[in-house]
Amino acid sequence: MTQPLVFLTQLRPCLHLDGLDGLISSTATQVVIHVLAVNDHSPVFVRPLQPVVLNISESVEPGTVVVTVKAEDLDGDLIQYFFGSGGNPNGALIRPVNLDAEDKSVRLSPLSLVLLVEAKDNLVHTTLLDITVNFQYVNEFAPEFEATTTAGVFENATLGQRIAEVTATDKDSGPDGTLSYSLLTSDVPTNMFKINPDTGLIALACSNCLDFNEKNFYTLVIKVEDGNYSILIIRKTICIYN
Ligand SMILES: [Ca+2]
Ligand SMILES: [Ca+2]
Ligand SMILES: [Ca+2]
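Scoring rules and cut-offs
- Residues numbered from 1 in each chain as written.
- Chains lettered and ligands numbered in written order.
- Predicted model: local features only at pLDDT ≥ 70, side-chain atom pairs only at ≥ 80, totals over all residues.
- UniProt positions renumbered as here; feature names shortened; annotations may be inferred.
- Pairing = 2+ DSSP bridges.
- Helix = DSSP H or I, 4+ residues; strand = E, 2+ residues; numbered from the N terminus.
- Axes fitted to C-alpha atoms, helices over the stretch in contact; angles between N-to-C directions.
- Core = buried A, V, L, I, M, F, W, Y, C linked by C-beta atoms within 7 Å.
- Buried ≥ 20, exposed ≤ 12 C-beta atoms within 10 Å, placed from the backbone.
- Contact = placed C-beta atoms within 7 Å.
- pLDDT = per-residue confidence, 0-100.

Per an unreviewed UniProt entry, the protein goes by Protocadherin and derives from Elysia marginata. The record in UniProt for the protein states the following under Subcellular location (unreviewed entry): "Membrane".

Put into structure tokens, the structure is as follows:
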């Protein structure tokens, strides 16, 4: 309540008024009582329903409002909202800047965070709200092959001999950027070569199985796959030396 209450009444004469000895009047007197509003209620969050858990894709554009919070105050006080980052005083939570898996400088770790929002009524009372943000990867990039050169191995090489390594990259982070390597069926005899699925390292899978005079090169067909089935095909020539 902000306006003073005004009581206008006909006072009956009395014999004594504190501090007004000798000034007793029998005429109408206006008595003004100022009732000061007291800010005695804290804001209460009414939106969104708690607990607040947001699942946000890393591909959400910067500046996007991902949620708007609202609190109410029984005193009718003006409420302002304060975010650690990425919010405005009206309660809108803007896409946090660190929700980008590919920007390593602001890499979110771990894959979720808890944002604390404060609602203040005229900066007197503060009510807190936890917002849990779960970060969701998006497979935005396909694997890319780094330039390769022809590799070679002597015909008398034995099982496990390391021959070459192929390397592909993927700009995604998380499972979308985790690559695995495998050999596809080709004109190369099965089990002659093997590839490490994690590193791309190619090694001989047999002993004394190479013969320069019979065949002096093989072309391997290598599949590189990210965690969400984006595929890259690489060809690698292995020369046989005598
Ligand atoms: Ca209040
Ligand atoms: Ca990818
Ligand atoms: Ca991504």
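Additional details are given in the paragraphs that follow.
Here we come to the sheet that holds strand β18 (residues 217–225). Taken together, four strands build an open sheet; the order of strands is β12-β19-β18-β15 and the sheet is mixed. Only two strands of the sheet have a single neighbouring strand rather than two, namely β12 (151–154) and β15 (180–183). Each adjacent strand pair in this sheet contributes to an overall mean axis angle of 35°, direction not counted. By the bridge criterion, four bridges tie β15 to β18 in an arrangement that is antiparallel. Note on β18: the bridge partner recorded for tyrosine 181 is valine 224.

This part covers the nonpolar core. The biggest cluster of nonpolar side chains holds 17 residues, and the ones touching the most others in it are Val153, Ile163, Tyr181, Ile202, Leu220 and Ile222. Of all the elements in the fold, those that place two or more residues in this core are β13 (162–165), β15, β16 (193–195), β17 (201–204) and β18. Among the elements that line this core, the one with the most residues is β18, at three residues. In this structure isoleucine 222 touches Val166, Tyr181, Leu183, Ile195, Ile234 and Lys236, once residues within four positions along its chain are discounted. Ranked by size, the runner-up nonpolar core spans 11 residues in total, among them Val69, Ile79, Leu93 and Phe135.

This next bit is on the sheet that holds strand β4 (residues 52–57). What the four strands build is an open sheet, ordered β4-β10-β9-β7; its pairing is mixed. Two strands close off the open sheet at either side, each with one partner strand: β4 and β7 (79–83). Direction aside, neighbouring strands of the sheet carry axes that sit 30° apart on average. Examined bridge by bridge, strand β9 (residues 112–121) and strand β10 (residues 125–136) share 10 bridges and lie antiparallel to one another. Residue leucine 113 lies in a different strand from β10, and its bridge partner there is valine 133.

Our focus in this paragraph is the environment of isoleucine 222. With respect to the element layout, isoleucine 222 can be found in strand β18. Taking C-alpha positions, isoleucine 222 is 8.7 Å from isoleucine 195, a pair spaced 27 residues apart along the chain.

This part covers the confidence of the model for the protein. Taken residue by residue, the protein gives an average pLDDT of 82. The fraction at 70 or more is 82%. Scored below 50 in pLDDT, residues 1–20 shows 19 contacts in the model against residues more than four places distant or in partner chains. Low pLDDT, under 50, characterises residues 104–109; the predicted model gives this stretch nine contacts beyond four residues in sequence or across chains.

Turning to its location among the elements, lysine 70 is positioned in strand β6 (residues 70–72). With 15 C-beta atoms counted inside 10 Å, the residue lysine 70 sits in the partly exposed group. Between the alpha carbons of lysine 70 and alanine 119 there is a distance of 8.6 Å; along the sequence they are 49 residues apart.

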